[in-house]
Structures are given as structure tokens and as C-alpha cells.
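Notes for the structure review
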Amino acid sequence: MDAYTLDQFAIFIAVVEAGSFSGAARKLNRAQSAITYAMQKLEDHVGAALFDRSTYRPTLSEAGRILLPKAQRIMDDVARFRSSALELSRGLEAQLRVAVAGGVPMNLLTPALADFRDMFPTVQVRLIVQPFSMATGRNAPALAKGTADLRILYEQLLPGTFQRYLISEIELVTVAASSHPLARMTGVLDAQILRDHLQLVLSEVEEAVAGEDVQVAALNTWRVTDQSARHSLILAGIGWGSLPEALVMDDLSSGRLVRLSVRDDGRFQQVRSLHLVVAHRQDEPPGPAGRWLLGRLSGAPPEV
């Protein structure tokens, strides 16, 4: 069987990039005769000329133009293989599982994830966006051992067996669509006014079934277990509710949503902020890539 070599592919690419055999020789610090010989052997294996040598500078033949991207892909794959092998030998994770609770604004996480991609190009990320009900409660599936390397959720939902690091304090704003009757009211709204308008509540599945009232002012509520769905329902004018300010800034700026001024009283106490944290089980510390992402998210110096 004809034996192609990585050296032949590397020389092929170098000749194209340098524009000549002599330029490739200088670039690779090799004798020009070695460059010429390697190209001849590669062309023998291919069964066609890769360069047109009738001009002053060699130019790619039709076969060369077809095979060049394939050679570049092979060399890129080999480079990634070597990098992955080196990182695995140093204890770097092949995969990082990050569980995100439903309702967490993803725009707060994407800058850190983009930096992670650049810092660890060989580490595959499995981003698991959990339904709200699966990420809350002491016995929630998302918190079970072995399900994720890092969890991103609100601290109020986290049991004490987790090491946690603050990402951000999430400000909550009470809003309604510009078409909603509450948006057209002036002044501060109290519980007596709110009770007559449908409230959309982010709720656990169990809470939705049981109808348990927590932070609820309205007599009529819809329990929704997905934040984006609740956001859409509020935008549609179906009801009012509290959403993370980071999620609705564009809606407020454009006038699609209106911020409601609400008075706290004995019947209705707003939750005005939540602590967003990144956490790991104390008995499952993350590896080097996980520690770096944890530091990047929390503002601590990232470590590898």
C-alpha cells in the first residue's frame, strides 16, 4: 500500500504558502533537494502532478487545488489530536458538564463560555439546561452526584452540601406588556390592584400542581416552569410578573414591556434580587478546565 506521510503533507502546504520550493525549504529549514524529493514522492502516490512547473513559480494544478484543503484538514486534525493527548496526560478533562437551571439569563454566561472555548479548544462542553423543577429542591435530579461537574443556579435553591461562588446578583423587575391594563396605570400599585390581574409565576412542577402560593399577589395565577415561556406570555400581554432585569432590558428600552412600581405590604412581598452562583458538590471537585471556568464566572483569578 502506498504510504503517505505527514511530512509530505506538511511540505505540500509549505510550498503553497511560501510560493516556491526554495521558499518552503527556507521556511522548514530543509535542503531544497529534500523538499523537491518529498513532493515527487507525494505526486507519485497521488498519481497526478500537484503543481504546474511550467511557470517561473509553481502554481497548483487542478489536482493540487482539490487535494490542498484535504491535506490542511489532515494536519489540523493531527494538531488537535496531539494537543488533546498532551492535555489528557496532564489531567485535563475531555468533557465538562455544566448544568444551568431554567430561568438563568444566558447572556450573563456567554462571555465566559466564549473565553473558555478559546482557552480549552479540545474540551467538549455539555451544556445541560435543566427545567426549573429539576434544578431546585434538595433531592432535585440536577443536584445528584455524577450528573454535572458545575451547576449554575440561584443560591436560594442550593443545599449546603455544595461549594458555591457568586457570579452576580440578579435584579428582578416587575413588568407587564405595554398593552396590559397595569401598564397604563400611574403611581405605585398595591396588592389590592394586583390581585385582580393574572400573575405569571415561575414555579416548580410540584408547586404548579399543588397550587401553593409563594410571592403571589393575584387571585388568578398561571404556573409556568420555563422562564422563556413566561417571558413570552408576559410580552403577549397575558399577565404580569417579575423577570430578571438582564433578560428584559431590550424589551424595556423598546417599550414592549413596562416596569411596574409595586408597593410591598403584608399581603405581597416582592423578591427584588437573587444570587446567581456557580457550584460543585463538595465530594466532586472540578478538574483544571472546570476550575478555570469557575474562576472566570465568579471573577476569581482563573486557574488551570
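In this report, the structure presented in the accompanying data block is examined. (Residues numbered from 1 in each chain as written. Predicted model: local features only at pLDDT ≥ 70, side-chain atom pairs only at ≥ 80, totals over all residues. Heavy atoms only, no water.)

So, the overall build of the chain
When its secondary structure is counted, the chain shows ten helices and eleven strands. Intrachain contacts of the chain at a sequence separation of at least 6 include 66% that bridge at least 24 residues. By element, 52% of the accessible surface of the chain is carried by carbon and sulfur atoms, the whole surface being about 16,000 Å². (Helix = DSSP H or I, 4+ residues; strand = E, 2+ residues; numbered from the N terminus. Contact = heavy atoms within 4.5 Å. Areas by Shrake-Rupley, 256 points an atom, 1.4 Å probe, with all protein chains shown as cover.)

With respect to unusual backbone geometry
In the Ramachandran plot, asparagine 29 falls in the positive-phi region, its phi being about 55 degrees despite a non-glycine side chain. Among the structural elements, asparagine 29 can be located in the loop between helix H2 (21-28) and helix H3 (32-46). Judged by its relative accessible area of 69%, asparagine 29 is exposed. (Buried < 20%, exposed > 50% of the residue type's maximum accessible area, 1.4 Å probe, protein only.)

Examining the layout of surface pockets
The volume enclosed by the second largest pocket comes to roughly 170 Å³. Within the residue set of the lining of the second largest pocket, elements represented by two or more residues are strand S3 (95-101) and helix H8 (227-235). Per element, the largest residue contribution to the lining of the second largest pocket is three residues, and it comes from H8. Within the lining of the second largest pocket, the residues separate by chemical class into seven nonpolar, six polar and one charged. (1 Å grid on protein atoms, 1.4 Å probe; cavity = no way out; pocket = protein on both sides within 12 Å on 5 of 7 lines; lining within 4 Å. Points joined across faces, edges and corners; volume = space filled by probe spheres on them. Nonpolar A, V, L, I, M, F, W, Y, C, P; charged D, E, K, R; others polar.)

Side note on the side chain of arginine 230
Considering the arrangement of structural elements, one finds arginine 230 in helix H8. One buried charged residue, arginine 230, forms no salt bridge at all, with the nearest opposite charge on aspartate 226 at 8.8 Å. Looking at arginine 230, its side chain comes within polar contact range of the side chain of glutamine 227, at 2.9 Å. Among residues more than four places away in sequence, those in contact with arginine 230 are Leu200, Val201, Leu202, Val224, Gly241, Ser242 and Leu243. (Lys, Arg positive; Asp, Glu negative; His and termini not counted. Salt bridge = Lys/Arg side-chain N within 4 Å of Asp/Glu carboxyl O. Polar contact = N/O pair within 3.5 Å; in protein donor to acceptor, adjacent residues only side chain to side chain.)

A closer look at helix H1 (residues 6-18)
Between the first and last C-alpha of H1 there are 18 Å, a value that for 13 residues agrees with the 18 Å anticipated at 1.5 Å per step. When H1 is considered as a whole, its buried residues turn out to be Gln8, Phe9, Ile11, Phe12, Ile13, Ala14 and Val15. Looking at the residues trailing H1, positive phi occurs at glycine 19, about 85 degrees. (Expected span 1.5 Å × (residues − 1).)

Some points on the environment of serine 298
Within the fold, serine 298 resides in helix H10 (residues 288-298). As for serine 298 and arginine 164, which are separated by 134 residues in sequence, their C-alpha atoms are 9.5 Å apart. Discounting residues that sit within four places of it in the chain, serine 298 has contacts with Tyr165, Leu166 and Ile167. A polar atom in the side chain of serine 298 sits 2.9 Å from the backbone oxygen of leucine 294.

Points about the nonpolar core
With 30 residues, the main nonpolar core has Val104, Leu109, Phe116, Ile152, Leu276, Leu293 and Leu297 as its most contacted residues. Not counting residues within four places of it along the chain, the set of residues in contact with leucine 293 comprises Leu96, Val98, Ala112, Leu113, Phe116 and Leu150. The next biggest cluster of nonpolar side chains, apart from the first, holds 18 residues, and it includes Ile11, Ala25, Met39 and Leu50. (Core = buried A, V, L, I, M, F, W, Y, C linked by side-chain atoms within 4.5 Å.)

What about the pattern of salt bridges?
Taken as a whole, this structure holds 14 salt bridges when the rule is applied. Note that arginine 30 and aspartate 7 form a salt bridge whose closest N and O atoms lie 3.1 Å from each other. Note that arginine 30 is positioned in the loop between H2 and H3 and aspartate 7 in helix H1, a separation of 23 residues in sequence. For aspartate 7, a relative accessible area of 34% gives the class partly exposed. Taken together, the salt bridges that share partners define one network made up of Arg281, Asp283 and Glu284.

Focus on the packing of H2 against H3
Orientation of H2 relative to H3, taken along the N-to-C sense of each, is 115 degrees, at an axis distance of 8 Å. Regarding the angle of H2 to H3, the classification is roughly perpendicular. You can see that H2 and H3 cross each other, and the crossing is right-handed. Only Gln32, Ile35, Thr36 and Met39 of H3 make contact with H2, whose side of the interface consists of Phe21, Ser22, Ala24, Ala25 and Leu28. Looking at the contact of H2 with H3 residue by residue, the class counts come to six nonpolar, three polar and no charged. (Axes fitted to C-alpha atoms, helices over the stretch in contact; angles between N-to-C directions. Parallel < 35°, antiparallel > 145°, perpendicular 65-115°, else oblique. Left-handed = near helix turned anticlockwise from the far one by under 90°.)

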